[in-house]
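Per-entry structural report
Residue strings, one per chain:
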Amino acid sequence: MNEKTIFELIHAFEQVNHKMIVRWKSRSAHNLGISHIIVLHELRQDGESRPSDLAKRLGFTPASLTHLSSKLAAQELIHRRQDDLDRRTTYWSITEKGIALLEQAQKDGNATRGELFSHLSEEEQETLLTIYQKLDQSLQ
């Protein structure tokens, strides 16, 4: 692939990604970004986690995760607790309010996906996801 093509490809990825996020956010009533929703999803899926473990699993920096948690905690979407034996260690868990918001965000996401990908078959959508996952793996 020549240089012009790789930059065109990157630009196309960015354009599609940006448009998907804008459409999803326009559908949502909450004031959270996709990273906030990803954190809530991970906490719901895997349960209570230390922030450092969560950052590693999601590929976030600890500083960005701390910033995200401030907003999530302020809106009572996550609960932070300190370890009884080591007060320096904290654990995060999703609250019932966080679960409700996550479920609504997922409904909004499904509606957005239906709108954006309606011209692709299920097989094409699966192929697209597989391609993105392979690219992500190769870049790690």
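Residues numbered from 1 in each chain as written. Predicted model: local features only at pLDDT ≥ 70, side-chain atom pairs only at ≥ 80, totals over all residues. Heavy atoms only, no water.

So, the layout of surface pockets
Taken as a whole, the largest pocket spans an internal volume of roughly 1500 Å³. Elements represented by at least two residues in the lining of the largest pocket include exactly α1 (3–27), α2 (34–46), α5 (96–116) and α6 (122–138). Of all the elements, α6 adds the most residues to the lining of the largest pocket, at 9 residues. Residue composition of the lining of the largest pocket, grouped by class: 17 nonpolar, 8 polar and 4 charged. (1 Å grid on protein atoms, 1.4 Å probe; cavity = no way out; pocket = protein on both sides within 12 Å on 5 of 7 lines; lining within 4 Å. Points joined across faces, edges and corners; volume = space filled by probe spheres on them. Helix = DSSP H or I, 4+ residues; strand = E, 2+ residues; numbered from the N terminus. Nonpolar A, V, L, I, M, F, W, Y, C, P; charged D, E, K, R; others polar.)

Some details on α5
Between its first and last C-alpha atoms α5 spans 30 Å; for 21 residues at 1.5 Å apiece the expected length is 30 Å, and the two agree. Residues of α5 that are buried: Gly98, Ile99, Leu101, Leu102, Ala105, Asp108, Thr112 and Leu116. (Expected span 1.5 Å × (residues − 1). Buried < 20%, exposed > 50% of the residue type's maximum accessible area, 1.4 Å probe, protein only.)

A short note on a nonpolar patch on the surface
Where nonpolar side chains cluster on the molecular surface, the patch consists of Ile6, Phe7, Leu9 and Ile10 and spans about 330 Å² of accessible area. By the secondary structure assignment, Leu9 is in helix α1. The exposure class of Leu9 is partly exposed, given its relative accessible area of 32%. (Patch = residues over 30% accessible without salt bridge, like charges linked within 9 Å, V, L, I, M, F, W, Y side chains within 5 Å. Areas by Shrake-Rupley, 256 points an atom, 1.4 Å probe, with all protein chains shown as cover. Salt bridge = Lys/Arg side-chain N within 4 Å of Asp/Glu carboxyl O.)

Looking at the packing of α2 against α5
At a minimum axis distance of 10 Å, the contact between α2 and α5 shows a crossing angle of 115 degrees. Once α2 is placed against α5, the crossing between them reads as left-handed. Here Ile37, Leu40, His41 and Arg44 of α2 lie close against α5, whose contacting residues are Gly98, Ile99, Leu101, Leu102, Glu103, Ala105 and Gln106. The class makeup of the residues in the contact of α2 with α5 is 6 nonpolar, 3 polar and 2 charged. (Axes fitted to C-alpha atoms, helices over the stretch in contact; angles between N-to-C directions. Left-handed = near helix turned anticlockwise from the far one by under 90°. Contact = heavy atoms within 4.5 Å.)

Here we look at the nonpolar core
One finds Ile37, Val39, Leu40, Leu43, Leu54, Leu65 and Leu72 to be the most contacted residues of the largest nonpolar core, which totals 20 residues. When contributions to this core are tallied by element, the ones reaching two or more residues are α2, α3 (51–58), α4 (62–74), β2 (90–94) and α5. Not counting residues within four places of it along the chain, the set of residues in contact with Leu72 comprises Leu32, His36, Val39, Leu40, Leu77 and Ile78. (Core = buried A, V, L, I, M, F, W, Y, C linked by side-chain atoms within 4.5 Å.)

Re α2
An ideal rise of 1.5 Å per residue puts 18 Å on 13 residues; α2 measures up with 18 Å between its terminal C-alpha atoms. Buried within α2 we find His36, Ile37, Val39, Leu40, Glu42 and Leu43. Gly47 sits one or two positions beyond α2 and adopts a positive phi of about 80 degrees.

Here's the deal with the environment of Tyr91
Looking at the secondary structure, you find Tyr91 in strand β2. Expressed as a C-alpha distance, the spacing of Tyr91 and Ser52, which sit 39 residues apart in the sequence, is 9.5 Å. Discounting residues that sit within four places of it in the chain, Tyr91 has contacts with Glu48, Ser49, Arg50, His79, Arg80, Arg81 and Asp83. There is a polar contact of 3.4 Å between the side chain of Tyr91 and the side chain of Asp83. (Polar contact = N/O pair within 3.5 Å; in protein donor to acceptor, adjacent residues only side chain to side chain.)

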